[in-house]
Structure formats: C-alpha cells, structure tokens
Amino acid sequence: MPRRPTRTAPTLILHGLGGPGPEHWYSWLTGELRAGGRDVRLPELPGTQEPVLRQWLDVLRAELSGLPEVGFDLLCHSAGSLLWLHHCASRPADLPRPARVALIGVPDADHIDPPTFRHVPLDPDAVRTAAEGTVLVGSDDDPACPAGAGAVYGGALKMATTVVPEGGHFDPASGYGPWPALLGWCGRDNLAFY
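Okay, so let's go over this structure. Sequence positions are assigned chain by chain, starting from 1 and proceeding in written order. For this predicted model, a pLDDT threshold of at least 70 governs which residues receive local features, and a threshold of 80 or more governs which side-chain atom pairs are given and counted, while totals over whole chains, interfaces and linings are taken from all residues. Heavy atoms throughout the structure, all of them, feed into the side-chain values; hydrogens and water do not.

## Points about unusual backbone geometry
Rule in force here: Working definition: helices are DSSP H or I runs of at least four residues, strands are E runs of at least two. Numbering for both runs from the N terminus. For every residue, the accessible area (1.4 Å probe, protein chains only) is compared with the maximum for its type, and the residue is labelled buried under 20%, exposed over 50%, or partly exposed between those bounds.
With a phi angle near 55°, Glu166 is a residue other than glycine that sits in the positive phi range. Topologically, Glu166 is positioned in the loop between strand S6 (161–164) and helix H6 (180–187). Under the relative-accessibility criterion, Glu166 is labelled exposed at 66%. Even without being a glycine, Phe170 presents a positive backbone phi close to 55°. Mapped onto the secondary structure, Phe170 falls in the loop between S6 and H6.

See the structure below:
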C-alpha cells in the first residue's frame, strides 16, 4: 500500500488541451490526494480543444481567489503551463500566491495550437513574484518540445529543469496515468521534483 502524502496543502491542477480524461495523471492524482485528505481542485477549463486565453485566465483567477493567501500547490501541464506563464505576466496583485508550482510538459512555440496562447511571456521576475517557488519538468523526448524544456524555457526563465528520461509529453500515451513520483512531490515540502 503506497504511503499517503504528508503535506496537507490544497492543490490546484491546470490541465492541458483535451481536458482531464479518466486515464490521465490529473484524474489519478486527484483521487490519490483526496483519499489522503487533501483539498484538490481540477477545474475543467472551457473549450478544451480550442481554448481562448482570456476564458482560461478568468477560470484560473476565480480558482485562485478561493484559495488561502499562501501555502497551496499548483500543478500545470502543457497548455495549463502556458496559462500560468500568461497569468504571471499580468497577475492581479490581490490574488493568492502558490507556495510551489510545477510546470510540466510545456510545449514550444511550434507546438502551441491555440493562437491566443502564443507569444508566451517569459519574464523570470514575474514568475518569481507569482509564486514562492517554481520547478520546470520536461522530458528528453517530448514531441511537443523537441529541443527540451531546459533549452526553450529554463534559460529564459532562469530556472533549473528536471529532465525525466523517456517521459514523452507526460500523458497517457507516454504511460502517465498513475505517476508515483508526482504523488511523492505533492507529499513533500521541498521544491525539488526528484
């Protein structure tokens, strides 16, 4: 029986295109954390196949306004990570800040389908101000970011990148339904992913 997470902070999960299907790690992680007594929010962002940035920002900011001032975690995948970077660049000062943010499987400019998500602001100061700590997680074979998250985002954001070997795009097609390492991260207080 896996050990339940010890961290009790609320968790907000921002999905990518296609939404939170039952086979995805979003759904698995939500169930695991809730079974451990955590408050988990996995909002279904509108227009999951053709999202509009302004609509996604409205949902994100409504979710943030219902969270404590400090001390919650935010997990972002794919387009959800792009959403967070756009939020950081135009963040209202009165919204709560996450204690920890994980940006997972961030697509590069050639693989950003929703036109309104293009021209991602890469402002390291804005990202630092929006959360107490942020970790960038990529793989060495992500088809949505072939050059690697570190090369595309890590340098520009002045942030180290955790590279998961053969992680693909961290979706069910890459074998990411259950993801014990992510559950472990949610149960710890430190920012380091592995």
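Now that the structure is up, let's keep going.
## Focus on the pairing of strand S3 (residues 73–77)
To be explicit about the condition: When DSSP locates at least two bridges between a pair of strands, those strands are taken to pair. For the handedness criterion, the strands are oriented away from the viewer, and a crossover whose path from the first strand over the helix to the second runs clockwise is classed as right-handed.
The buried count for S3 comes to five of five residues, which makes it a mostly enclosed element. Here four bridges tie strand S1 (residues 11–14) to S3, and the two strands are oriented parallel to one another. Bridge assignment links Leu12 to a residue of S3, and that residue is Leu74. When S3 meets strand S4 (residues 100–104), the two strands line up parallel, connected through five bridges. Each residue of the ladder has a partner; that of Leu75, found in S4, is Ala102. You can see the chain leave S3, run along helix H3 (residues 79–89) and come back into S4, and the turn it takes is right-handed.

## Remarks on the packing of helix H2 (residues 53–65) against H3
Test applied: Comment: axis = line fitted to C-alpha atoms, over the contacting stretch for helices; angle = value between 0 and 180 degrees taken between N-to-C directions. Angle categories are assigned with fixed cut-offs, so that under 35 degrees is roughly parallel, over 145 is roughly antiparallel, 65 to 115 is roughly perpendicular, and the rest are oblique. We call two residues contacting when some pair of their heavy atoms lies within 4.5 Å. For this classification, Asp, Glu, Lys and Arg are treated as charged, while Ala, Val, Leu, Ile, Met, Phe, Trp, Tyr, Cys and Pro are nonpolar and the rest, including Gly, are polar.
Between H2 and H3, the least distance of the axes is 10 Å, while the angle of their chain directions is 80°. Considering the angle they form, H2 stands roughly perpendicular to H3. The segment H2 lies against H3, with Leu53, Trp56, Leu57, Leu60, Arg61 and Leu64 engaging Ala79, Gly80, Leu83, Trp84, His86 and His87. Partitioned by chemical class, the residues of the contact of H2 with H3 number eight nonpolar, three polar and one charged.

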